[in-house]
Amino acid sequence: MTEGGATGHGEEGGPRQDRRGTTAAFGPDRHWAPGTQVLWRYRENGGARLHIVRPVTVVRDDPGLLAAWMAPGTECVKPVLADGTPVHQEPLRTRYTKPRTVQRDRWAGTGVLKLARPGEPWSVWLFWDQGWRFKNWYVNLEEPLARWAGGVDSEDHFLDISVHPDRSWHWRDEDEFTQAQRDGLVDAALAGRVRRAGRDAVAVISRWGAPFSDGWQNWRPDPSWAVPSLPPDWDRTPTHLSS
């Protein structure tokens, strides 16, 4: 396991949380201290609006890795159809063409640990069942995270990979990836980049490289951490972005 992995220790020098859970100024090193609450956000596909926003707590942040914890019960923003229908309930052929809006909701499952390396076109999420029984890793293919003072922004690329404790893996959401291309949300150039990123991720899985080999499945959150709240300006435009 890499230093600062399952122990939850990260580099010092970033902003600090005060006792009310607020965050101090974003330091010039652009790294957050463990325990800092930030936003992990995704833009809508084919548009500029934010449609997924999740408050998270920083576990580790250094030049090699950002690790963040989304606690159970976290209030989030998620996309829904304009009539309030959950996106996943809409038939695939019209899922990406019907008008959408967003709504607030709470994360109903167990918590999610999210790991992302700077410049990498995917993040790796860890899921557990009740009682901290490790379930799987989830490779979310996406734009490399863009950092700003209040968190990180990206755009999801539909195609994903599930990785199981026995090191087996399989593609996920290939049907959604294909439909997104039909509907013009993913052009040929982007589709090619996403497929290459997927193959690169599979190569990491096949050699059992980081973060799969780092023991993050044994990590546990600091019990003193409060569940972050969703700020009223969750959709604010960053004044500065960096990768």
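The structure reproduced in this document is the subject of the present report. Each chain carries its own residue numbering, running from 1 in the written order of its sequence. Two thresholds apply to this predicted model, a pLDDT of at least 70 for residue-level local features and 80 or more for giving and counting side-chain atom pairs, whereas whole-chain, interface and lining totals are computed over all residues. Hydrogens and water are ignored here; the side-chain numbers use all heavy atoms of the structure.

A few words now on the packing of aromatic side chains. Only rings of Phe, Tyr and Trp enter the pairing, Trp through its six-membered ring, and a pair is recorded when the two centres are within 6.5 Å. The plane angle decides the type: under 30 degrees is stacked, over 60 is edge-to-face, the rest tilted. In the structure shown here, the tally under the stated rule is 14 aromatic pairs. By way of ring pairs, the aromatic residues W69, W128, W132, F134, W137, W208, F212, W219 and W225 are connected into one cluster. Sitting over a ring, as applied to charges here, requires NZ of Lys or CZ of Arg to be within 6 Å of the ring centre and within 35 degrees of the ring normal. For K114, the ring lying beneath its charged end belongs to W125, and the centroid distance is 4.1 Å. Directly above the aromatic system of W171 lies the positively charged group of R195, at a separation of 5.7 Å from the ring centroid.

Helix and strand assignments come from DSSP, with helices taken as H or I runs of at least 4 residues and strands as E runs of at least 2, each series counted from the N terminus. Take the residue count of a helix, subtract one, and multiply by 1.5 Å to get its expected span. Across its 19 residues, helix α3 (residues 188–206) extends 27 Å between first and last C-alpha, which sits within 8% of the 27 Å expected from 1.5 Å per residue. Where α3 is concerned, the buried positions are L190, A191, V194, A197, G198, A201, V202, V204 and I205. The buried residues of α3 occupy one face: seen down the axis, they fall within an arc of 155°. Structural note: α3 exposes A188, A189, R199 and S206 on the side pointing more than 90 degrees away from its buried face. Residues of α3 that are buried make contact with β7 (122–129), β8 (133–142), β10 (151–163), β11 (169–172) and α2 (174–182). By the N-cap criterion, in which a side-chain oxygen at the helix start approaches the backbone nitrogen of a residue two or three places on, α3 is capped by D187, the distance to A189 being 3.3 Å. Note on α3: the residue one or two positions beyond its end, W208, has a positive phi of about 50°. When accessible area is computed with a 1.4 Å probe and restricted to protein chains, residues below 20% of their type maximum are described as buried, those above 50% as exposed, and intermediate ones as partly exposed. By arc we mean the arc of the directions from the helix axis to the C-beta atoms, nothing more. In this description, contact between two residues means that some pair of their heavy atoms is separated by no more than 4.5 Å. Identification of polar contacts relies on pairs of N or O atoms within 3.5 Å, with a donor-acceptor requirement for protein atoms, meaning one able to donate a hydrogen and the other able to accept it, and with residues adjacent in sequence counted only if both atoms are side-chain atoms.

A few words now on the packing of α2 against α3. Axis angles are defined between N-to-C directions and span 0 to 180 degrees, where every axis is a line fitted to C-alpha atoms and, for a helix, only to the segment in contact. α3 packs onto α2 with a crossing angle of 160° between their chain directions and a minimal axis gap of 10 Å. Comparing their axes, α3 and α2 come out roughly antiparallel. In this structure, the crossing between α2 and α3 has a hand that is right-handed. Residues E174, F177 and Q181 of α2 form the contact with α3, whose participating residues are A191, V194 and R195. For this classification, Asp, Glu, Lys and Arg are treated as charged, while Ala, Val, Leu, Ile, Met, Phe, Trp, Tyr, Cys and Pro are nonpolar and the rest, including Gly, are polar. Tallied by class, residues from the contact of α2 with α3 come to 3 nonpolar, 1 polar and 2 charged. Angles are sorted into four bins: roughly parallel if under 35 degrees, roughly antiparallel if over 145, roughly perpendicular if 65 to 115, and oblique for all others. In this scheme the handedness of a crossing depends on how the near helix is turned from the far one: anticlockwise by less than a right angle means left-handed, clockwise means right-handed.

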